[in-house]
Amino acid sequence: MVFYLKYRPKKISELDSHSVVSKLEGIIKGKLPDKIPHAFLFTGPKGLGKTSTARILAKSINCTNRKKGEIEPCNVCVSCKAINNGSSLDVLEIDGASNRGIDEIRDLREKIRLSPVASKKKIYIIDEVHMLTAEAFNALLKTLEEPPEHAFFILCTTEPQKIPQTIASRCFQIKFSKPTEEDFLHSFNRILKGEGIKADKEALMQIIKLSDGSFRDGAKILEELGSASKHITVNLIEKKFKTASIGKNVLGIISSFEKKDAGAGIKIVDGMEKEGVDFKLFSEELINTLHGRLLAQISGESFEMSIEQTKDLIQMLVKSHQSIKYTILPQLPLELTIVEWASSENPALPAGRSENSEIQNVSESENQKIITKSSSANLALKGETLQGRSSSNRPKRDKILMELIERIKKENFSLAGVLRGCKVEKFDKRELVLSTKYKFHKERLKDKKILDMLEKSIYEMTNKKVKVSIA
Ligand SMILES: [Zn+2]
């Protein structure tokens, strides 16, 4: 079993977030279930233990051995055991993402009227609750307003701003914030002790930095390092994560951005990929360095790139960094940014202009498909010359493409992103020929529906029936 699951906290004192522990203690201490608020809202980023905490709270509420004045579940009674192995009939976990409609919530409202089967209370844990539809929220609100005596709700979300105020105000809110150093060490020590692994303090500090604010990521890193050696040192981390070569390559990539030399940039990425560099970490360092530059530029220092350019580049890199976790090729988002940056003709890009905006606008599963498809495009790309494009003598062609993008953007944002990577090969009264370097974009553009949409837009713009084709 992976460390994160194996060492999932089973009682309140094992929870890693100190602030969450003290809040829960405050609510539960000295209270039997009837006095505990009947609805909770857990908010905060992924990987901070919201679901684990919800289960522990459910155990504490239903534990038959817990006496007034105690807060911990016993983990041995029938109810605790059933919750631990996920077989409790009275604690129901619902994934908001896949049960988001009104029918599911209506169903829930009806079921919740029924008394618990074997425990004191019936507890609903709704994960990703922000995914519910407006109708479903309304139905949930009615239940929260007049809950049956035996009902408890624990709502969890990574996006609290999407929860209607009417719902949030009826819940006792617990915010899961970015773990402190102490929280991380608490989490790591449980794992290290359990696995009999030794770790130097300095090494643990580096792992905290690599964990990106997530217990889950931290546990994963410990697992990786722990499988290599029973003694985790800074040297081992350097060997595994190439922390030293990252600094050197950050400067190399920035220089390739300045020269708009995609070939050089891709070569560096290629080298890092072979070396096994962690691209998420690399992107963070790259963004950090550019951020430092931007601040220096604002206070008057000059660099090769303008302030506008640095700002645009940071925006593109932030987007590509966000998509790393969804790709099967971690280097791909950075490569796409390098290529796009080098082929952008205007020195200052309009805000939000990014090939990756496409990646941002699709669901995770769609995303996987795009990335999978693009991996072949990526291989093809590497063999090509990536530098520059001739921009001479093409004002009319560029104009039609720009207008087309503006128009399409309103209907189909991700298609506009695809068009931005296109070049007009030919444009006259009868024909518009577009080309793109990306195989997966080409496939998409060749779709009959897409071509129809483009032709319709051009007709609206020019009043001429122009045939669109993809070279
Ligand atoms: Zn118990």
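All of these numbers come straight from a predicted model, not from anything done at the bench.

**What to know about the nonpolar core**
Ranked by internal contacts, the top residues of the largest apolar core, which has 60 residues, are F40, A58, F153, I154 and L155. Residue-level mapping places this core at the junction of two domains, with at least three residues from each of domain 1 (3-175) and domain 2 (181-241). The residues touching F153, leaving out its near neighbours within four places in the chain, are H38, A39, F40, Y124, I126 and L144. In terms of nonpolar packing, the next biggest core, distinct from the first, is built from 26 residues, A262, V277, F279 and I338 among them.

**Examining the packing of helix α15 (residues 307-323) against helix α16 (residues 332-343)**
Relative orientation of the contacting elements α15 and α16 amounts to 155°, with a least axis distance of 8 Å. Relative to α16, the element α15 is oriented roughly antiparallel. Where α15 crosses over α16, the two elements pack in a sense that is right-handed. Across the interface between the two elements, L313, M316, L317, S320 and S323 of α15 pack against P333, L334, L336, T337 and W341 of α16. Class assignment of the residues belonging to the contact of α15 with α16 gives a composition of seven nonpolar, three polar and no charged.

**Comments concerning the sheet that holds strand β10 (residues 467-470)**
Pairing is mixed across the open sheet formed by three strands, whose spatial order is β8-β9-β10. The sheet terminates laterally at β8 (422-427) and β10, the two strands that pair on one side only. In this sheet, adjacent strand axes meet at a mean angle of 25° when their direction is disregarded. Two elements, β8 and strand β9 (residues 431-436), share five bridges in a ladder whose sense is antiparallel. Bridged to V424 within β9 is L434. On the sheet, helix α22 (residues 448-462) packs against β9 and β10 and is oriented at approximately 140° with respect to β10.

**Re the sheet that holds strand β2 (residues 91-95)**
Pairing is parallel in the open sheet, where five strands are placed in the order β2-β3-β4-β1-β5. Strands at the two margins of the open sheet, each flanked by one partner only, are β2 and β5 (172-175). Adjacent strand axes in the sheet meet at a mean angle of 15°, parallel and antiparallel pairs treated alike. Relative to strand β3 (residues 122-127), β2 runs parallel, the two sharing five bridges. Considered in β3, the bridge of L92 is made with Y124.

**Digging into the confidence of the model for the protein chain**
On average, residues of the protein chain carry a pLDDT of 84, and 89% of them reach 70 or more. Scored below 50 in pLDDT, residues 346-393 makes 83 contacts in the model with residues more than four places away or belonging to other chains.

**Considerations on helix α2 (residues 18-28)**
Of the positions making up α2, those classed as buried are V20, L24 and I28. Buried residues of α2 fall within an arc of 50° about the axis and therefore sit on the same side. Exposed residues pointing more than 90 degrees away from the buried face of α2 are listed as S22 and G26. In this structure, the buried residues of α2 make contact with α3 (50-62) and β5. Count one or two residues on from α2 and you reach G30, which has phi positive near 75°.

**Let's talk about unusual backbone geometry**
The residue N75 is not glycine, and still its phi comes out positive at about 65°. Among the secondary structure elements, N75 is positioned in the loop between α3 and α4 (78-84). A positive phi angle, close to 50°, is found at K260, a residue other than glycine. One can find K260 in the loop between α12 (243-258) and α13 (262-275).

**Focus: the packing of helix α5 (residues 102-113) against helix α6 (residues 134-145)**
The contact between α5 and α6 brings their axes to 8 Å, and the two run at 15°. As summarised for this structure, α5 and α6 are arranged roughly parallel, according to the angle between their axes. Every pair of crossing elements has a handedness; the one defined by α5 and α6 is right-handed. Every residue of α6 that contacts α5 at I102, E104, I105, R106, R109 and I112 is listed here: E135, A136, A139, L140 and T143.

Cut-off values and rules
Residues numbered from 1 in each chain as written. Predicted model: local features only at pLDDT ≥ 70, side-chain atom pairs only at ≥ 80, totals over all residues. Core = buried A, V, L, I, M, F, W, Y, C linked by C-beta atoms within 7 Å. Buried ≥ 20, exposed ≤ 12 C-beta atoms within 10 Å, placed from the backbone. Domains from an automatic or database assignment. Contact = placed C-beta atoms within 7 Å. Axes fitted to C-alpha atoms, helices over the stretch in contact; angles between N-to-C directions. Helix = DSSP H or I, 4+ residues; strand = E, 2+ residues; numbered from the N terminus. Parallel < 35°, antiparallel > 145°, perpendicular 65-115°, else oblique. Left-handed = near helix turned anticlockwise from the far one by under 90°. Nonpolar A, V, L, I, M, F, W, Y, C, P; charged D, E, K, R; others polar. Pairing = 2+ DSSP bridges. pLDDT = per-residue confidence, 0-100. Arc of directions from axis to C-beta.

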